[in-house]
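Tertiary structure, described
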Amino acid sequence: MLCPKCGKETSRGLCIDCFLEDNQIGLRSIKLKTCPSCNRFMYRSKWNENLDRFLERIIRENLVHHPDIKIRAIEFESEEKRNRIEIDINLTAEYRGEKFETMLNSSIKLEKRQCRDCSRRSSGYYEAILQFRIKEIPTEKDVDPRYVSKVEKVKGGFDFYITSLRYARQTAAHYSGRGYKTGESPKQAGVRKGRRFYRFSISIKEP
Ligand SMILES: [Zn+2]
Ligand SMILES: [Zn+2]
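Quick caveat: nothing in here was measured; it's all calculated off a predicted structure. (Residues numbered from 1 in each chain as written. Chains lettered and ligands numbered in written order. Predicted model: local features only at pLDDT ≥ 70, side-chain atom pairs only at ≥ 80, totals over all residues. Heavy atoms only, no water.)

1. Remarks on the overall build of the chain
Stated formally: Each helix is a run of H or I in the DSSP string that is no shorter than four residues. Each strand is a run of E no shorter than two, and both are numbered from the N terminus. C-alpha atoms define the radius of gyration, and 2.2 Å times the number of residues to the power 0.38 defines the globule rule. Accessibility here uses a 1.4 Å probe with only protein chains present; expressed as a share of the type maximum, an area under 20% marks a residue as buried, one over 50% as exposed, and anything in between as partly exposed. Working rule for contacts: check all heavy atoms of both residues, and any pair within 4.5 Å makes them a contact. The Shrake-Rupley method, run with a 1.4 Å probe, gives the accessible areas here. Residue values count only the displayed protein chains as cover.
Scanning the chain for helices and strands turns up four helices and 13 strands. For a compact globule of 207 residues, the expected C-alpha radius of gyration is about 17 Å, and the chain comes in at 26 Å, more than 25% above that figure. Projected onto its principal axes, the C-alpha coordinates of the chain cover approximately 85 × 40 × 30 Å. Across the 207 residues that make up the chain, the buried fraction comes to 39%. Contacts spanning at least 24 positions in sequence make up 51% of the contacts within the chain whose residues lie at least 6 apart. Carbon and sulfur atoms provide 45% of the accessible area of the chain, an area that totals close to 13100 Å².

Here's what the structure looks like:
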């Protein structure tokens with residue numbers, strides 16, 4: 001049978017080339033916030049690490065194509081420019097059981113914006129103080145520096161000022177899982193924008 005549009009030999013209906021001409025495969029327009037301080041990026045309302053490794057998933061989830069086309073494989077090369085990532089995508093796909101390859105050039109916009117953790121840290125904000133009173137000095141493996149606004153050496157240990165209460169509790173839970181004694185005390189710290197707010201102290205002690 002011949003393609004009704006171009007006359008090329010085809011199994012049925014439009015040939016692949018004519019079909020793709022009418023039903024272009026594209027990439028949705030994407031804009032990612034990236035944090036200049038920690039290099040994380042926002043995708044689907046979450047801050048994620050390592051954009052390079054994530055890129056294939058972003059491409060896969062944002063390809064737009066006719067339902068008769070099944071994407072089989074995605075290969076791509078990407079290059080980061082100042083405020084965008086340019087991507088050359090090589091797609092292997094199927095149209096009515098027939099395999100074909102096609103190229104697609106697209107880009108993802110980048111918008112530099114400090115994430116909440118980094119902006120809190122740089123303004124000195126904190127929600128909790130982790131009071132380490134243990135022999136072992138906490139390292140970056142124990143307390144992620146991204147959540148630390150300040151560290152103070154105090155009698156018997158260190159106070160870590162933590163930007164997120166949730167993270168402080170998680171960290172304490174890790175220590176408690178390793179046998180350390182932990183305890184949390186609510187502490188009123190003041191009024192902000194007419195609202196009372198609390199800051200918490202969580203102590204971590206030797207078993
Ligand atoms: Zn055709
Ligand atoms: Zn950040």
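2. Details of the domain arrangement of the chain
Stated formally: What fixes the domain bounds is an automatic or database domain assignment. Once two parts are brought into contact, the accessible area they lose, counted with a 1.4 Å probe and summed over both, makes up the buried area. Counted as salt bridges are all cases of a side-chain nitrogen of Lys or Arg within 4 Å of a carboxyl oxygen of Asp or Glu. Each residue gets one of three labels, nonpolar for Ala, Val, Leu, Ile, Met, Phe, Trp, Tyr, Cys and Pro, charged for Asp, Glu, Lys and Arg, and polar for the others, Gly among them.
Looking at the chain, the domain boundaries give domain 1 (16–112) and domain 2 (116–205). For domain 1 and domain 2, the distance between their C-alpha centres works out to 40 Å. Counting residues at the interface gives five residues for domain 1, matched by five residues for domain 2. A buried area of about 400 Å², summed over both sides, lies between domain 1 and domain 2, and 46% of it is on carbon and sulfur atoms. Our enumeration of links across domain 1 and domain 2 arrives at two salt bridges. Aspartate 117 is the salt-bridge partner of arginine 40, the closest N and O atoms lying 3.0 Å from each other. Looking at side-chain class alone, the side of domain 1 that touches domain 2 contains two nonpolar, one polar and two charged residues.

3. Some remarks on the coordination of the zinc ion (ligand 2)
Threshold: Distances decide who is a donor: an N, O or S atom must be within 2.8 Å of the metal, or within 3.2 Å for Na, K and Ca. Water is not included, so sites may look incomplete. Any coordination sphere not matching a tetrahedral pattern (four donors, all angles between 85 and 135 degrees) or a square planar or octahedral pattern (four or six donors, opposite donors over 155 degrees apart, other angles between 65 and 115) is reported as irregular.
Every protein donor of the zinc ion (ligand 2) is accounted for by Cys35 (SG), Cys38 (SG), Cys115 (SG) and Cys118 (SG), and the metal-donor separations fall at 2.3 Å. For the zinc ion (ligand 2), the four donor atoms are set out with angles of 102 to 115 degrees between them, so the coordination reads as tetrahedral. Mapping the donors of the zinc ion (ligand 2) onto the primary sequence yields the spacing C-x2-C-x76-C-x2-C. Residue cysteine 38 is found in the loop between β2 (31–34) and β3 (41–43), and its partner cysteine 115 is found in the loop between β8 (98–112) and α3 (116–122); the two are separated by 77 residues along the sequence. We note that cysteine 38, like cysteine 115, is buried.

4. Concerning the coordination of the zinc ion (ligand 1)
Coordination sphere of the zinc ion (ligand 1), protein contribution only: Cys3 (SG), Cys6 (SG), Cys15 (SG) and Cys18 (SG), at 2.2 to 2.4 Å. Around the zinc ion (ligand 1) sit four donor atoms; with metal-centred angles ranging over 106 to 118 degrees, the donor geometry is tetrahedral. In primary-sequence terms, the residues that donate to the zinc ion (ligand 1) follow C-x2-C-x8-C-x2-C. Residue cysteine 3 is found in the segment before α1 (16–22), and its partner cysteine 18 is found in helix α1; the two are separated by 15 residues along the sequence. The exposure classification of cysteine 3 matches that of cysteine 18, with both residues buried.

5. Overview of the pattern of salt bridges
Evaluated as defined, the whole model comprises 19 salt bridges. In this structure, the salt-bridge partner of lysine 5 is aspartate 22, at a minimum N-O distance of 2.9 Å. A residue pair is termed long-range when its members are at least 10 positions apart, and lysine 5 in the segment before α1 and aspartate 22 in helix α1 qualify at 17 residues. The partner of glutamate 94 in a salt bridge is arginine 72, and the shortest N-O contact between them spans 3.0 Å. Residue glutamate 94 is located in strand β7 (residues 84–95), and its partner arginine 72 is located in strand β6 (residues 69–81); the two are separated by 22 residues in the primary sequence.

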